[in-house]
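Coordinate inspection notes
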Amino acid sequence: MRRTVFNEDHEAFRETIRAFIEAEVVPVYDEWFAAGQAPRDFYYQLGELGIFGINVPEEFGGAGLESHKFEAVLYEETARAGVQFGGSGVHVLLALPYLKMLATDEQKKRFLPKFVSGEEMWAIAMTEPGTGSDLAGMKSTAKLSEDGTHYVLNGAKTFITGGVHADRMIVCARTSAPTAEDRRHGISLFAVDTKSEGYSVGRKLDKLGLKTSDTAELAFVDVKVPVEDLLGEENKGFSYLGHNLASERWGIAFGAYAQAKAAVRFAKQYVQDRTVFGKTVASFQNTKFELAACQAEVDAAEAVADRATEALDAGELTPAEAASAKLFCTEVAHRVIDRCLQLHGGYGFMNEYPIARLYADNRVNRIYGGTSEIMKSIIAKDMGL
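Now for a look at the structure at hand.

Bridging between strand 3 (residues 150–161) and strand 7 (residues 215–226) involves 9 bridges; their strand directions are antiparallel. Bridge pairing in strand 7 places His150 opposite Pro226. In this sheet, strand 7 lies alongside strand 6 (residues 199–204) in antiparallel orientation, the contact comprising 4 bridges. In the sheet register, Ser200 faces strand 7, and the bridge partner there is Ala219.

Looking now at the pattern of salt bridges. The tally for this structure, following the rule as stated, stands at 23 salt bridges. Put simply, Arg14 and Glu77 hold a salt bridge, and the shortest N to O gap is 2.9 Å. Note that Arg14 is positioned in helix 1 (residues 8–25) and Glu77 in helix 4 (residues 69–81), a separation of 63 residues in sequence. Judged by relative accessible area, Glu77 falls into the buried class, the value being 3%. In this structure, Glu297 and Arg335 form a salt bridge, with 2.6 Å as the shortest nitrogen-oxygen distance. Here Arg335 lies in helix 10 (residues 319–343) and Glu297 lies in helix 9 (residues 285–313), a separation of 38 residues in the sequence. Taken together, the shared-partner salt bridges in this structure form one network comprising Arg3, Glu11, Arg14, Arg18, Glu76, Glu77, Lys261, Glu302 and Asp306.

Another point: the environment of Val56. With respect to the secondary-structure elements, Val56 resides in the loop between helix 3 (40–49) and helix 4. Its relative accessible area of 1% is what places Val56 among the buried residues. C-alpha of Val56 to C-alpha of Pro113: the two residues are 57 residues apart in sequence and 9.0 Å apart in space. Residues within four places of Val56 in sequence aside, it is in contact with Gly62, Ala63, Gly64, Leu96, Leu112, Phe115 and Val116.

What follows covers the side chain of Thr309. Positionally, Thr309 belongs in helix 9. For Thr309, the side chain forms a polar contact with the main-chain oxygen of Ala305, separated by 2.8 Å.

Moving on, we come to the layout of surface pockets. The computed volume of the second largest pocket comes to approximately 540 Å³. Around the second largest pocket, the lining is made up of 21 residues, and of these His68, Pro97, Asn244, Ser247 and Leu312 lie nearest the centre. Mapped by element, the contributors of at least two residues to the lining of the second largest pocket are helix 5 (88–102), helix 8 (245–273) and helix 9. Ranked by the residues each element gives to the lining of the second largest pocket, the list is headed by helix 5, at 6 residues. Its residues placed into classes, the lining of the second largest pocket shows 9 nonpolar, 7 polar and 5 charged.

Here the focus is helix 6 (residues 105–117). In this model, helix 6 (13 residues) spans 19 Å end to end at C-alpha, consistent with the 18 Å of a helix rising 1.5 Å per residue. At Phe111, helix 6 is bent by approximately 30°, the largest bend along its length, and proline Pro113 sits one to four residues beyond. Residues Gln107, Lys108, Phe111, Leu112, Phe115 and Val116 constitute the buried set of helix 6. Considering only its buried residues, helix 6 is in contact with helix 3, helix 5, strand 1 (122–125), strand 4 (168–174), strand 5 (187–193) and strand 8 (230–231).

This part takes up the environment of Ala333. Mapped onto the fold, Ala333 is located in helix 10. The exposure class of Ala333 is buried, given its relative accessible area of 0%. Considering only alpha carbons, one finds Ala333 and Ala34, 299 residues apart in sequence, at a separation of 25 Å. The residues touching Ala333, leaving out its near neighbours within four places in the chain, are Ala256, Ala260 and Asn362.

Moving on, we get to the packing of aromatic side chains. Working definition: an aromatic ring pair is given by the centre-to-centre distance plus the angle between the planes. Within this structure, the stated rule accounts for 17 aromatic pairs. When the ring of Phe20 is compared with that of Phe42, the centres are 6.1 Å apart and the planes differ by 25°; the resulting orientation is stacked. Pair noted here: Phe20 is in helix 1 and Phe42 is in helix 3, with a separation of 22 residues, a long-range link. For Phe42, a relative accessible area of 1% corresponds to the buried category.

Parameters and conventions
Residues numbered from 1 in each chain as written. Predicted model: local features only at pLDDT ≥ 70, side-chain atom pairs only at ≥ 80, totals over all residues. Heavy atoms only, no water. Pairing = 2+ DSSP bridges. Helix = DSSP H or I, 4+ residues; strand = E, 2+ residues; numbered from the N terminus. Salt bridge = Lys/Arg side-chain N within 4 Å of Asp/Glu carboxyl O. Buried < 20%, exposed > 50% of the residue type's maximum accessible area, 1.4 Å probe, protein only. Contact = heavy atoms within 4.5 Å. Polar contact = N/O pair within 3.5 Å; in protein donor to acceptor, adjacent residues only side chain to side chain. 1 Å grid on protein atoms, 1.4 Å probe; cavity = no way out; pocket = protein on both sides within 12 Å on 5 of 7 lines; lining within 4 Å. Points joined across faces, edges and corners; volume = space filled by probe spheres on them. Nonpolar A, V, L, I, M, F, W, Y, C, P; charged D, E, K, R; others polar. Expected span 1.5 Å × (residues − 1). Bend = angle between axes of the 7 residues up to and from the residue. Phe/Tyr/Trp six-rings, centres within 6.5 Å; stacked < 30°, edge-to-face > 60°.

What follows is the structure, given as structure tokens:
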């Protein structure tokens, strides 16, 4: 079936990104992997390439487009090459929607030009020790000072992707206590300068996968946050967080599909080159059947991912549809990548092969952005169950 989600502009962008990855990322990616993060200077390169500004209005230095299809191309091309762009994904996919939705004109003038150039990298801090999917249980607080000029932020966050390199962090904290009727009440969002006194980055976490993205623990001790850096209205943060979950889950779904597609590519290439018992591994019927089954699953995931992309661009992707896409695509990727690693034999267990890294990277897809169990609950509720 002919794919219709991308046009000539997207394919031209694909060529540019593929060439950039081959020239600037692949040769040094092993160094990033060993270091556990991409270098900070790399984000300036992405800024110069225009990646950070695709969905930013032109008046702030961006391209002014309202489409996630260029992000989709990035997912496909990084997966195809077996690389990642460090923690930069959270900068665009997670942080930018909040800035576009909540920032005042003054804040946009202050924040977005540096966002586009990569001068200021952004991330978002929601999860706390002991409060994962239950965001209403967060304990971090931000209390308004007596003179009303700033908030005093205290608390801790964990599993914060982009947390090491971030220059600005969207921090979720309680400005009011929850009520008996609504335990989600009282959460607010702040654009915190990470150079602020009392703001500290703790451990850079050693993860199973996603080795080149900097994931950290954060601590806030009497951090002064100017009232000018409040995003949106006080105490309405939980509703804001829910508003952007569909796009976040779309990104995870599309990224998982792209990983599954890449896994089939890696396995096909390997079995065609690898010889056992005097024949290529690709010549065995079991190999053909395994890859054919994987390809069929990837085709189905591609259709789901593309449909979700069109719906997201049209502003019509519902929370239940996003949950369904995430659940399906991440489960497909789990099965496909595992089977493709098996076809590599012992070499599939070696990190020098991209399938091994892909196997580790893929595992978190069924956890972050809402676990598979949470996705099933959302879908079941939408079904009236």
